[in-house]
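Read off the chains here:
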Amino acid sequence: MRNMKSGLSKLAILTAASMVMAACSPATNDARVAVQAERTPTLAEAQAFILDAEKQLDAEGLAYGRALWVQANFVTTDTNQLAASADEKFTLLTVDLATKAKRFNDVEMPAELRRKFNKLKFLLDLPAPQNKERTAELATIKANLGATYATGKLTLDGKEATLGDASDVLARERDPAKLLEAWNGWREVSVPMKDQYARMVEIANEGAIEMGFDDIGGMWRGQYEMEDFAGEADRLWGQVKPLYDSLHCHVRAKLNENYGDEVVSKTEAIPAHLLGNMWAQSWGNIYDMVKPEGDAKTFDLTERLVANGYDARKMAGAADDFFQSLGFEPLPDTFWERSLFVKPRDREVQCHASAWNLDAKDDIRIKMCTKVNGEDFATMHHEVGHNIYQRAYKHQSGLDQGGAHGGFHEAIGDMIALSITPEYLKTIGLIDEVPSADADIPLLMKQALEKVAFLPFGLMVDQWRWKVFSGEVTPAGYNDAWWQLREKYQGVKAPNERPADAFDPGAKYHIPNNTSYTRYFLAHILQFQFHQTACEDAGWEGPLHRCSIYGNKEVGAKFKAMQELGSSKPWPDALEVFTGTREMNGSSVVAYFAPLKEWLDEQNKNRSCGW
Ligand code: X8Z
Ligand code: ZN
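In short, a report on the structure. (Residues numbered from 1 in each chain as written. Chains lettered and ligands numbered in written order. Predicted model: local features only at pLDDT ≥ 70, side-chain atom pairs only at ≥ 80, totals over all residues. Heavy atoms only, no water.)

Re the coordination of the zinc ion (ligand 2)
Logical step 1: Protein-derived ligands of the zinc ion (ligand 2) are His382 (NE2), His386 (NE2) and Glu410 (OE), with the metal-ligand distances lying across 2.0 to 2.1 Å.
Logical step 2: For the zinc ion (ligand 2), the four donor atoms in the first shell make angles of 90 to 130 degrees at the metal, so the coordination geometry reads as tetrahedral.
Logical step 3: Histidine 382 gets classed as buried once you look at its relative accessible area, which sits at 12%.
Logical step 4: Taking relative accessible area as the criterion, glutamate 410 reaches 1% and is therefore assigned buried. (Donors = N, O, S within 2.8 Å, 3.2 Å for Na, K, Ca; no water. Tetrahedral: all angles 85-135°; square planar, octahedral: opposite > 155°, others 65-115°. Buried < 20%, exposed > 50% of the residue type's maximum accessible area, 1.4 Å probe, protein only.)

Structural data, given as structure tokens:
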């Protein structure tokens, strides 16, 4: 995650700042700018400016991060206000620095330094205009939206329930009426967000324009340092879409067999409450309904974790052990002391899993309301992967601390989770017998329900936001535009007519919390690319889904070399270090799932696919 989660580490502690000019406080800066306005600044001044900016961001970032950590771990009116104040302060500083940086626009400087100047514009998820009142208003809205999501409640079976409870219903229930109750209930939480969201967009767009972007969307896309970011995402989607279409076709047919024409049509988009997940973004929980016939030889990871006495800490321990097997240092004691692993019974927390680095060095931690199940076993590796990456680039200077791009950050732990193969699970004692080759299709099906199903969702969330940010979609059209994109990309539709005041995008964490989302789409491409490279380097010749790099120090060393770069080089350089190529490529996803694709197409032979 950006900024105070994985991005906080961008604000690294700077060691000796020898040649800092007298630019320590905004006040002295102002005076200097006035005096120096007539001449082009020198390279030395540019270097000193960045050094000083990193120092200020580092100090402010630490305070900001702590305020956000406390709020996320203890959501109350007071911590909300403290978080808003810290956000306001940090935003003011960052906007000030990005504005002052403009005077160095014409200075000739090395590419590395120019990139640091550019990065000043990307530190905030939402920029504020240079106006104290509106900066404060923006910070308050942000804190409120986050808290509304974190503390949202619904009614299930006449009792108060949380998102976690509703998600369990979506995962396990098979009665459409009960599924619908949970699905609709959670969407009432976001109704009051809509007006605030619209106001937030208005203010932040002003800020983005002042920084030289067309709108917030332009700013979000700009950080990827690509000519045509949206086009690149479309290209990658084109590579994997045929696979998604085959999966969609089979899943819909099976849901139709289970629920009948009344609930699921054979030709239209799939109603969103039937796919096992609150947002229909991953479908692993409906494996039992879509699995190949005669699936006797696989295993249920959730059942195995429970039977082996796993709890959240033990799950984190498995992730730690995996990274250690590749040559990474053990997680520090403070990780175990300061992380939040389970949902507390007596206070409100932001349960959506996240990974943090508070001091841009070793104070790495996660916050996760872990459930002991297969899904969270993978999420645990995802979160620990963020922490491992953050620590790997801690030696970089403040502005170079960060993922090569957001997709890299989201792919590190996921790539490791792709190595959680039956063979590996046997090695760590979770299963007794490795299923034979006739379990390949069932194993691939489980993986596809998580990973392939996710792809169009990963893409559409920001497609919606880009339209909102550009003004193409206005508040009156927020909800309809959301469902148009859900249908277009995912072939998923709302299970019932949406109320006029519905704000369904707000029921997904990353919307009220302003976390950009295309990063996850890219991560779902990149993790397979990383996995394929790692397996080839390890000399693996079998099917990709059976390859685990557990214990491979050579692969680990190369993986670490990429991570250590942080964002100090353009992302293609980082990609090249690990994969030898400078392009993201969906062909690894296609190769990984090739046997399943063939099987799906056979199943779909007499079905009508598409929606
Ligand atoms: O938000 C996350 C992580 C934290 S960065 C748990 N993910 C996305 C989501 O939950 O929607 C991981 C996969 C997609
Ligand atoms: Zn993540």
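Overview of the environment of valine 70
Logical step 1: Among the secondary structure elements, valine 70 is positioned in helix 2 (residues 43-73).
Logical step 2: Expressed as a C-alpha distance, the spacing of valine 70 and alanine 574, which sit 504 residues apart in the sequence, is 33 Å. (Helix = DSSP H or I, 4+ residues; strand = E, 2+ residues; numbered from the N terminus.)

Let's talk about the packing of helix 2 against helix 4 (residues 111-119)
Logical step 1: At a minimum axis distance of 11 Å, the contact between helix 2 and helix 4 shows a crossing angle of 45 degrees. Taken together, the axis directions place helix 2 and helix 4 in an arrangement best described as oblique. You can see that helix 2 and helix 4 cross each other, and the crossing is left-handed. Contacts between helix 2 and helix 4 involve Leu43, Ala46, Gln47, Phe49, Ile50 and Glu54 from the former and Leu113, Lys116 and Phe117 from the latter.
Logical step 2: Grouping the amino acids of the contact of helix 2 with helix 4 by side-chain chemistry returns six nonpolar, one polar and two charged. (Axes fitted to C-alpha atoms, helices over the stretch in contact; angles between N-to-C directions. Parallel < 35°, antiparallel > 145°, perpendicular 65-115°, else oblique. Left-handed = near helix turned anticlockwise from the far one by under 90°. Contact = heavy atoms within 4.5 Å. Nonpolar A, V, L, I, M, F, W, Y, C, P; charged D, E, K, R; others polar.)

What to know about unusual backbone geometry
Logical step 1: Positive phi, normally seen in glycine, also occurs at glutamate 225, with a value near 50 degrees.
Logical step 2: Positionally, glutamate 225 belongs in the loop between helix 9 (216-222) and helix 10 (229-259).
Logical step 3: The partly exposed category is assigned to glutamate 225, whose relative accessible area is 42%.
Logical step 4: Positioned with a positive phi, alanine 280 is a non-glycine residue whose angle comes to about 55 degrees.
Logical step 5: One can find alanine 280 in the loop between strand 3 (270-271) and helix 11 (287-290).

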